[in-house]
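Each chain, letter by letter, is given below.
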Amino acid sequence: MGYFPFFVDLEDKRGLVAGGGTVALRKLEKLLPYGPRLTVVSLEFREEIRRLPGLTLLQRAFCEDMLEGQYFVIAATDDRELNHRISRLCQEKHILVNVVDDKEACSFIFPSLVKRGKLSVGISTQGASPTGAIRIKEQLCRWIPENFDEILEFLERKRPVVKAMIPEEERRGEIFSRLYERCMEEGRGLTEEEFDRLTRGGTEGGGKL
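Residues numbered from 1 in each chain as written. Predicted model: local features only at pLDDT ≥ 70, side-chain atom pairs only at ≥ 80, totals over all residues. Heavy atoms only, no water.

## Some thoughts on the confidence of the model for the protein chain
With 95% of its residues at a pLDDT of 70 or more, the protein chain has an overall mean of 91. Here residues 202–209 scores under 50 on pLDDT; set against residues more than four positions off or in separate chains, the count is twelve contacts. (pLDDT = per-residue confidence, 0-100. Contact = heavy atoms within 4.5 Å.)

## Description of the packing of helix α5 (residues 148–165) against helix α6 (residues 169–186)
Put simply, α5 and α6 touch, their axes get as near as 11 Å, and they point 155 degrees apart. Considering the angle they form, α5 stands roughly antiparallel to α6. As α5 runs across α6, the sense of the crossing is right-handed. Together, Phe148, Ile151, Phe154, Leu155, Arg159, Val162 and Lys163 of α5 and Arg172, Ile175, Phe176, Leu179, Tyr180, Cys183 and Met184 of α6 make up the contact between the two elements. By residue class, the composition of the contact of α5 with α6 is eleven nonpolar, no polar and three charged. (Axes fitted to C-alpha atoms, helices over the stretch in contact; angles between N-to-C directions. Helix = DSSP H or I, 4+ residues; strand = E, 2+ residues; numbered from the N terminus. Parallel < 35°, antiparallel > 145°, perpendicular 65-115°, else oblique. Left-handed = near helix turned anticlockwise from the far one by under 90°. Nonpolar A, V, L, I, M, F, W, Y, C, P; charged D, E, K, R; others polar.)

## So, the side chain of Ser112
With respect to the element layout, Ser112 can be found in strand β6 (residues 112–116). Not counting chain neighbours up to four residues away, the residues in contact with Ser112 comprise Lys30, Val121, Gly122, Ile123, Ala133, Ile134 and Lys137.

## Focus on the pairing of strand β4 (residues 72–75)
Because side chains alternate across β4, one face comprises the buried residues Phe72 and Ile74, and the other comprises Val73 and Ala75, equally buried. Of the pairings in the sheet, the one linking strand β1 (residues 14–18) to β4 comprises four bridges and is parallel in character. Within β4, the residue paired with Gly15 across the bridge is Phe72. The pairing of β4 with strand β5 (residues 96–99) spans four bridges and is classified as parallel. By the bridge assignment, Val73 is partnered in β5 with Val97. For the segment spanning β4, helix α3 (residues 80–92) and β5, crossover handedness is right-handed. (Buried < 20%, exposed > 50% of the residue type's maximum accessible area, 1.4 Å probe, protein only. Pairing = 2+ DSSP bridges. Right-handed = clockwise from strand over helix to strand, strands pointing away.)

Right under this line is the structure:
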């Protein structure tokens, strides 16, 4: 099966996580930065889950009614039979479902994830080598600056400025590329003086970027 890496807006989408242990905790920590409204159902919860902000905790057994209105569901209990029952119910109701450690029961899978502000990188080997996905993630984390979100904010802020300054699409692309490269060289967003110098050099006849 080929898993296409859709990027889905989860802001304010309803999600249900069945399970209150370590695996559920890892899934919740990945999801929360994307703004979904999460409900967690389990007979017991790890204390770390109780401390996570913005969750609705239901300390009870799972029941089918809990699926009503959910955009996605994660079955992360330690009961394989229950996880499969949740998967069957979700697929009957056309609800996206992820079952931990059981790719065949999933309609979507969790990638190994790198997040820096608005940058999200998902890595998947379709289960062929979870270790390989982890190693690639580690390499990316070393390459991407910790403050990459600040660089992205700077580039986003300057994008309409450059578009207004430079009508030619190809030339604009050169400026955007140079801005990105310079930000990565400096490990930060540019000062106004640096930005003006770089863009002025790109707009004056034959100026070198």
